[in-house]
Amino acid sequence: MYRRRFLALALGVMAAGGCGRAGDSGAASAGRLTIVAPAGRGQGWDRTARALAAVLRGEGLARAVEVSNYPGNVGVAALSAFTAARGAFAREGRLLLTGMPMVAGAEIANADSVTEATTPLARLVGDWAALVVPAHSLLRSFEDFAAVLRRNPAEMMVGGRLEGGSDHVLYGMIGRCLGVDVRLLDYAGYSGGTEAAEALHEGRVAAILGSARSFMPDIAAGRVRPLVVSSAERIEGIDAPTLMEREVRLEYTDWCGLLGPRGMSPGDREEALALCDRIDASPRWQAVCAANGWNRVYLSGDDFRQWLVTETRRTRGVLNELGLMRSIDTSCWGSCVGRH
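Since the model is a prediction, treat every value here as computed from it, not as a measurement. Position labels on residues start from 1 in each chain and follow its written sequence. Given that the model is predicted, a residue must reach a pLDDT of at least 70 before its local features are reported, and side-chain atom pairs must reach 80 or more before they are shown or counted; all residues, however, enter totals for whole chains, interfaces and linings. In computing side-chain values, all of the structure's heavy atoms are included and hydrogens and water are not.

1. A few points about the packing of aromatic side chains
We call Phe, Tyr and Trp rings a pair once their centres come within 6.5 Å, taking the six-membered ring for Trp, and we label the pair stacked below 30 degrees between planes, edge-to-face above 60, and tilted otherwise. Counted according to the given criterion, the structure contains seven aromatic pairs. An angle of 20 degrees between the planes, with centres 6.0 Å apart, marks the rings of phenylalanine 304 and tryptophan 307 as stacked. Note that phenylalanine 304 and tryptophan 307 are positioned in helix α12 (residues 301–321) at a spacing of three residues, about one turn of the helix. Taking the relative accessible area as the measure of exposure, tryptophan 307 reaches 12% and is therefore buried. Through successive ring pairs, a cluster of aromatic residues spans Phe142, Phe145, Tyr171 and Tyr187. In this arrangement the basic side chain of arginine 123 is found over the ring face of tryptophan 307, its NZ or CZ atom lying 4.6 Å from the centre. Where helices and strands are cited, they refer to DSSP runs of H or I of at least four residues and of E of at least two residues respectively, numbered from the N terminus. Only protein chains enter the accessibility calculation, which uses a 1.4 Å probe; a residue whose area is less than 20% of its type maximum is buried, one above 50% is exposed, and one in between is partly exposed. Each ring is checked for a lysine NZ or an arginine CZ that lies within 6 Å of its centre and within 35 degrees of its normal; such an atom marks a charge sitting over the ring.

Next up, the structure:
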């Protein structure tokens, strides 16, 4: 059995309120700031970007903030348009909202990787996943689920959001950890969590993967049964073990972070990193995270860049094993956090 950790949350990367870079206290506000959201207005990435913009305005961290939308193709178009640094960050800064779907989209499109095309700044928040089955399912536990996969990986259809996205990659990593042939996994991708849930209740799939918090109402109502969650510790309100408890050495969060343009000067990068520190320490941001059920998984600077390099390599490996290292229609992707 493979023993590999997919989304390791390194010790000490969880941000403590008020942490910042040396000399950051009392730092001046940024000038005009543009947050690029790789989604149409009102879609998942856009909602997260606008929540972030509201915090920046409310805390006085920037004198003017706007959100610019680049919908479609998992943010690859936004990534391409974002590559070069322009003016000084303190006068007219630009930040690109990013997450696992953009990392995967760039790999599938055979474009420059996120780390090559930008200046990685910070990972902000994440959304834990859960694997659920209908209440009447014969799969009573994760052990039952794993036994079916080990016996015949193609025997069971599992659903989630679109092919190549966060749920699909997680399924591939679970298969890897269980020692099954990932190429044989049968996965059905849907345009969103609602469509995946309908497929589950109609019997078109045996189980679905998705945002753990989005399943809570159906779990509480007894319509679905959680088999496992992807967090490091059990999630309040979900009576299910973690993957680690079931000896699947895997933690996974649908993370969301910020990138700067490629070629930022050292001074501009420090300005941008100081702003990220102040965002994470902001009481308003912490309140937004709590209200939306987002988990703060802050990691910045060189630590984030190195983590992202490793994350990209692991994602590329899973996509290759899933047979997805080719151009596919990804126009409906863009999960990040903030989807319902």
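2. What about the pairing of strand β6 (residues 157–161)?
The element β6 is largely enclosed, with a buried count of four among its five residues. For two strands to count as paired, DSSP must find a minimum of two bridges between them. One ladder, built from five bridges, connects β6 with strand β7 (residues 186–190); its direction is parallel. Bridging across to β7, methionine 157 finds its partner in aspartate 186. Crossovers are described as right-handed under a simple rule: with the strands pointing away from the observer, the path leading from the first strand over the helix to the second runs clockwise. Read as a crossover between parallel neighbours, the route from β6 over helix α7 (residues 166–178) to β7 is right-handed. Alignment of β6 against strand β8 (residues 207–211), held across two bridges, turns out to be parallel. By the bridge assignment, glycine 159 is partnered in β8 with isoleucine 208.

3. Here we look at the sheet that holds β7
The five strands lie next to each other as β7-β6-β8-β5-β9, forming an open sheet whose pairing is mixed. Looking at which strands have only one partner, the edges of the open sheet turn out to be β7 and β9 (224–229). Between one strand and the next, the sheet's axes are offset by a mean angle of 30 degrees, whatever the strand orientation. Two strands pair when backbone bridges link them, and strand β5 (residues 129–134) and β8 are joined in this way by four bridges, in the antiparallel orientation. The axes are straight lines fitted to the C-alpha atoms, using for helices just the contacting stretch, and the angles between their N-to-C directions are given from 0 to 180°.

4. Things to note about helix α6 (residues 142–151)
Along α6, the residues classified as buried are Phe142, Phe145, Ala146, Val148 and Leu149. Buried residues of α6, viewed axially, fall in a sector of 160 degrees; they line one side. Against the buried residues of α6 lie β5, β6, α7, β8 and β9. What the arc covers is the set of directions going from the helix axis to the C-beta atoms. Every residue pair with non-hydrogen atoms within 4.5 Å of one another is taken to be in contact.

5. Re the nonpolar core
Ranked by size, the top nonpolar core spans 88 residues in total, and within it Leu56, Phe142, Phe145 and Trp285 carry the most contacts. Other than its neighbours up to four places away in sequence, tryptophan 285 contacts Leu52, Val55, Leu124, Val125, Ile279, Asp280 and Trp294. Each nonpolar core is a collection of buried residues, namely Ala, Val, Leu, Ile, Met, Phe, Trp, Tyr and Cys, held together in the definition by side-chain atoms within 4.5 Å.

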